[in-house]
Amino acid sequence: MKLDDTDKAIIEVLQDDGRMPFSTLGPRVGLSPPAVRQRVLHLIEETVAAIRRAHPNLGNVGILATRGTLTARLYHAALEEAGFAPLSHSDPDRLTEAIYSPLSGIKACAHPVTSAARAEVETAARELASRGAEAIILGCTRSEEHTSELQSRPHISYAVFCL
């Protein structure tokens, strides 16, 4: 999938504030709220399609995301439609804190990622791997650096950086 300038703008804004409602995000990127929602859903669907193309035999895909992302089930629906079994970690509030904490969260302290945030993400990833996740979508973080770190861990066979 080739991202156009609008897709890139959506990703950039969401990287800074992943909790932004579509009613706020749309005008920031020159779209109506329904149009921006459709764009975000398309990005998620393309992420899932890329996993399917690259790894056609995967069954279980973990989702590391905040409570809001998990509650909305955006990744779940796309994964299920593609024939994957989505797995969510058991404590989304802890991961939300690891991402958004102003003192140690990934969005506040991404370069480098703090040891506290890293530990929370790795704990959630290990939990998903122990429950059978063969791939993990990082559904709410901006740190490509942290994605590389996760991919190098023996308990994760595949990590996807998304949004």
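Structure's up top.
Nothing here was measured: the structure is a model prediction, and the numbers come from that model. (Residues numbered from 1 in each chain as written. Predicted model: local features only at pLDDT ≥ 70, side-chain atom pairs only at ≥ 80, totals over all residues. Heavy atoms only, no water.)

Asker: Would you mind showing me how to read the overall build of the chain here?
Answerer: If you tally the helices and strands in the chain, you get eight helices and four strands. Along the chain direction, N to C, the helices and strands of the chain fall in the order α-α-α-β-α-α-β-α-α-β-α-β. A buried classification covers 44% of the 163 residues belonging to the chain. By element, 51% of the accessible surface of the chain is carried by carbon and sulfur atoms, the whole surface being about 7900 Å². (Helix = DSSP H or I, 4+ residues; strand = E, 2+ residues; numbered from the N terminus. Buried < 20%, exposed > 50% of the residue type's maximum accessible area, 1.4 Å probe, protein only. Areas by Shrake-Rupley, 256 points an atom, 1.4 Å probe, with all protein chains shown as cover.)

Asker: What is the right way to look at the packing of aromatic side chains in this model?
Answerer: Here the distance between the centres and the angle between the planes together describe a pair of aromatic rings. Applying the stated criterion across every chain yields a total of zero aromatic pairs. When the ring centre of Phe84 is taken as reference, the NZ or CZ atom of Arg52 above it lies at 3.8 Å. (Phe/Tyr/Trp six-rings, centres within 6.5 Å; stacked < 30°, edge-to-face > 60°. Lys NZ or Arg CZ within 6 Å of the ring centre and 35° of its normal.)

Asker: Teacher, can you tell me more about the pattern of salt bridges here?
Answerer: Pairing between side chains of opposite charge can happen when the charged atoms of each approach one another. Counted by the stated rule, this structure contains seven salt bridges. Linking Asp93 and Arg67 is a salt bridge whose minimum nitrogen-to-oxygen distance equals 2.8 Å. Within this pair, whereas Asp93 is found in helix H6 (residues 92–100), its partner Arg67 is found in helix H4 (residues 67–72), the two being separated by 26 residues in sequence. Classification of Asp93 as partly exposed rests on a relative accessible area of 42%. The partner of Glu80 in a salt bridge is Arg73, with the nearest N and O atoms 3.3 Å apart. Taken together, the shared-partner salt bridges connect Asp4, Asp7 and Arg39 into one network. (Salt bridge = Lys/Arg side-chain N within 4 Å of Asp/Glu carboxyl O.)

Asker: Sorry if this is basic, but what is going on with the nonpolar core here?
Answerer: As a rule of thumb, soluble globular proteins bury nonpolar side chains together. If you look at the biggest cluster of nonpolar residues, it comprises 24 residues, and the most contacted ones within it are Ile10, Leu25, Leu79 and Phe84. If you list the elements that add at least two residues to this core, you get helix H1 (5–16), helix H3 (33–54), strand E1 (60–64), helix H5 (74–81) and strand E3 (135–138). Element by element, the count of residues in this core is highest for H3, at six residues. Excluding its chain neighbours within four sequence positions, the residues that come into contact with Ile10 are Leu25, Val29, Leu31, Val36, Arg39, Val40 and Leu43. Tyr100, Ala124, Ala125 and Ile136 belong to the second largest nonpolar core, which has 16 residues in total. (Core = buried A, V, L, I, M, F, W, Y, C linked by side-chain atoms within 4.5 Å. Contact = heavy atoms within 4.5 Å.)

Asker: Please clarify how the environment of Ser104 should be interpreted in this entry.
Answerer: Structurally, Ser104 can be placed in the loop between H6 and helix H7 (115–130). Sequence separation between Ser104 and Ala117 is 13 residues, and the spatial gap between their C-alpha atoms is 6.3 Å. Once residues lying within four places of it in the same chain are set aside, the contact partners of Ser104 are Ala98, Cys109, Thr114, Ala116 and Ala117.

Asker: For this particular structure, what's the right way to read the pairing of E1?
Answerer: Across a regular strand the side chains alternate sides, sitting on one face of the sheet and then on the other. Among the five residues of E1, four are classified as buried, and the element is accordingly described as predominantly covered. As defined by bridge partners, E1 adjoins strand E2 (residues 85–88) across four bridges and the pair is classed as parallel. Among the inter-strand pairings, Asn60 is bridged to a residue of E2, identified as Ala85. Here E1 pairs with E3 via four bridges, running parallel. What sits directly across from Ile63, in E3, is Ile137. (Pairing = 2+ DSSP bridges.)

In short, geometric facts, not functional conclusions.
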